[in-house]
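Descriptive structure summary
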Amino acid sequence: MKMNTAVIHAAQKHDPRTGAHVSPIYQTSTYVLPDFDEAVRLNQNIDQGFVYSRFGSPTVAELEEKIASLEEAEAALGLSSGLGAISNAVISQVKAGDHIIFGDVIYGCSFALFTKILPDFGVSYTIVDTTDPNKVAEAIRPNTKVIYVETPANPTLKISDIEEIAKIAHQHEGINLVVDSTFASPYLQNPLVLGADVVVHSATKYLCGHGTAVAGIVAGKKAFIDRCRMPFLQCFGTVLSPFDAWLVQQGLKTLAVRMERHCENAMKVARFLEGHEMIEKVYYPGLESNPGHQTAKKQMRGFSGMMSADIKGGTDAVRTVMNNVKVFSLATSLGNVDSLIQHSPTMSHFDMTLEERAAVSIFEGQVRLSVGIEDVDDLIDDLDQALKLAKK
Ligand SMILES: Cc1ncc(COP(=O)(O)O)c(C=O)c1O
């Protein structure tokens, strides 16, 4: 199936009992097992089936199958949030004494997981600018187990070359490349096809698309996903609820048309901002002036709806803009059909210090826009009127 068909039909199950076109939400914690011997076989994973919703459920399984298909993965695992997906994907690969490498621009809570939590369990790290594959190669140590890259990166949209970094990772035995592809969605980018070992998504964002669920996905080789499920998910308990899985499933059906409009609108908004007297700099990989433009063109099928911009006048100007937008909502998160605006230093990247942020161009006068699928003229007019107020 091609992508526009796959987002709707891949793994779609019609209810075999009633014929319901949209498969039901299996909102149950446990399953009645046929007899003692089968219960033993199911619990020991000798037979496959549903036992208890922390171990798996039909509604979540349907979503997992669809994402595996969209990412061209052998298997996928649904989790309770993007962070649940990231922690399962990374922690399942490391033990005390191991080392990980990660990009200098990543989502703030992923940064906190790697810099504040994992070191207490004996996992060391090196932060590198992953837009330069040579820097990744130089950071590899004998005990490196994971290279973790977010591309496009939150919030400055830095683009890292997945194919080049995968080649470097695979020159060494036992190193897996994990890519957070949340900003792209499988519609625009398939990291596994480009050579990555594992792809993670915050399904809260573009996959759901309507801001109605918090969810995460890990996809990769079946053996890797099986190990993430048992024992890691089983013991961490970061389980995706059937209802949230169902909401993401419904959202996915319009992923293709939504992403097309997000990309189209974002390109127009980026060009408008680039020429605006109140804007110092626009960070959007679709602009020819962006340093990641060529790599993004090579590995993505569109540039997404995300961008950041430095506003002249610093935090005061940011405050005025954010308090006066009317179509954009002042809200964290991203990838919704509705346009959102946030202040990255205080909302998504507060886990980094001022100095750490400034070193990677996350400035105090910066806003991040999640450009929605509204009429783009309304979005541009909204930003224009708020920026005019900031000029006064
Ligand atoms: C790139 C990226 N990855 C992961 C996450 C975490 O996702 P969640 O909020 O679903 O845990 C976020 C959240 O904003 C994100 O922007």
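Rules of the game
- Residues numbered from 1 in each chain as written.
- Predicted model: local features only at pLDDT ≥ 70, side-chain atom pairs only at ≥ 80, totals over all residues.
- Heavy atoms only, no water.
- Buried < 20%, exposed > 50% of the residue type's maximum accessible area, 1.4 Å probe, protein only.
- Helix = DSSP H or I, 4+ residues; strand = E, 2+ residues; numbered from the N terminus.
- Arc of directions from axis to C-beta.
- Contact = heavy atoms within 4.5 Å.
- Core = buried A, V, L, I, M, F, W, Y, C linked by side-chain atoms within 4.5 Å.
- Near = heavy atom within 4 Å.
- Polar contact = N/O pair within 3.5 Å; in protein donor to acceptor, adjacent residues only side chain to side chain.
- Areas by Shrake-Rupley, 256 points an atom, 1.4 Å probe, with all protein chains shown as cover.
- Nonpolar A, V, L, I, M, F, W, Y, C, P; charged D, E, K, R; others polar.
- Patch = residues over 30% accessible without salt bridge, like charges linked within 9 Å, V, L, I, M, F, W, Y side chains within 5 Å.
- Salt bridge = Lys/Arg side-chain N within 4 Å of Asp/Glu carboxyl O.
- Lys, Arg positive; Asp, Glu negative; His and termini not counted.
- Charge placed at Lys NZ, Arg CZ, Asp CG, Glu CD.
- Axes fitted to C-alpha atoms, helices over the stretch in contact; angles between N-to-C directions.
- Parallel < 35°, antiparallel > 145°, perpendicular 65-115°, else oblique.
- Left-handed = near helix turned anticlockwise from the far one by under 90°.

**Looking at helix α13 (residues 314-324)**
For the α-helix, the turn length of 3.6 residues means that residues three or four positions removed from each other point alike. Looking at α13, one finds that the buried residues are A317, V318, V321 and M322. Angularly, the buried residues of α13 cover 130 degrees about the axis, an arc narrow enough to put them on a single face. Those residues of α13 that are exposed and aimed more than 90 degrees away from the buried face are D316 and N323. Where α13 is buried, its residues touch β9 (306-311), β10 (329-330), β11 (340-342), α14 (344-347), β12 (366-370) and α16 (376-391).

**Some details on the nonpolar core**
With 71 residues, the main nonpolar core has V248, V269, L273, Y284, M307, I311 and L369 as its most contacted residues. Ranked by residue count, the leading element in this core is helix α11 (residues 255-274), at ten residues. Not counting chain neighbours up to four residues away, the residues in contact with M307 comprise L157, A266, V269, A270, L273, Y283, Y284, V367, R368, L369 and V371. Among the nonpolar cores identified, the runner-up in size contains 31 residues, and L77, L79, V200 and I362 belong to it.

**Quick word on the environment of H9**
By the secondary structure assignment, H9 is in helix α1 (residues 3-9). The sequence separation of H9 and I67 amounts to 58 residues, and the corresponding C-alpha distance is 11 Å. Once residues lying within four places of it in the same chain are set aside, the contact partners of H9 are M1 and K66.

**Considerations on the site of the ligand**
As a matter of local geometry, the ligand sits amid 15 residues, with G82, N154, D180, S202 and T204 nearest to it. G82 places a main-chain nitrogen or oxygen 2.8 Å from an oxygen atom of the ligand. Contact between the ligand and L83: an oxygen atom at 2.9 Å from a main-chain N or O atom of the residue. Relative to its unbound accessible area of 390 Å², the ligand is 90% covered by the protein chains. Top element by residues in the shell around the ligand is helix α4 (residues 82-91). It accounts for three residues. Residue composition of the shell around the ligand, grouped by class: six nonpolar, six polar and three charged.

**Regarding the environment of A39**
Relative to the helices and strands, A39 resides in helix α2 (residues 36-43). A sequence separation of 93 residues divides A39 from D132, and the C-alpha atoms of the two residues are 52 Å apart.

**Quick look at a negative patch on the surface**
On the surface, D375, D377, D378 and D381 cluster together into a negatively charged patch. By the element assignment, D377 lies in helix α16. On the basis of relative accessible area, D377 is assigned to the exposed category, the value being 54%.

**Here's the deal with the packing of α4 against helix α9 (residues 222-236)**
One can describe the packing of α4 onto α9 by two numbers: an axis separation of 9 Å at closest approach and a directional angle of 115 degrees. When the interaxial angle is binned, α4 and α9 end up roughly perpendicular. The way α4 lies across α9 gives a crossing that is right-handed. The segment α4 lies against α9, with N88, A89 and I91 engaging F224, C228, F232, L233 and F236. Counted by class, the contact of α4 with α9 contains seven nonpolar, one polar and no charged residues.

**Remarks on helix α7 (residues 162-169)**
Within the span of α7, buried status applies to I162, I165, A166, I168 and A169. Around the axis of α7, the buried residues are gathered within 160 degrees of arc, so they sit on the same side. Each element contacted by the buried residues of α7 is listed here: α6 (133-139), β4 (144-150), β5 (176-180) and α12 (293-299). Between a side-chain oxygen at the N-terminus of α7 and the backbone nitrogen of E163 the separation is 3.2 Å; the capping residue is D161.

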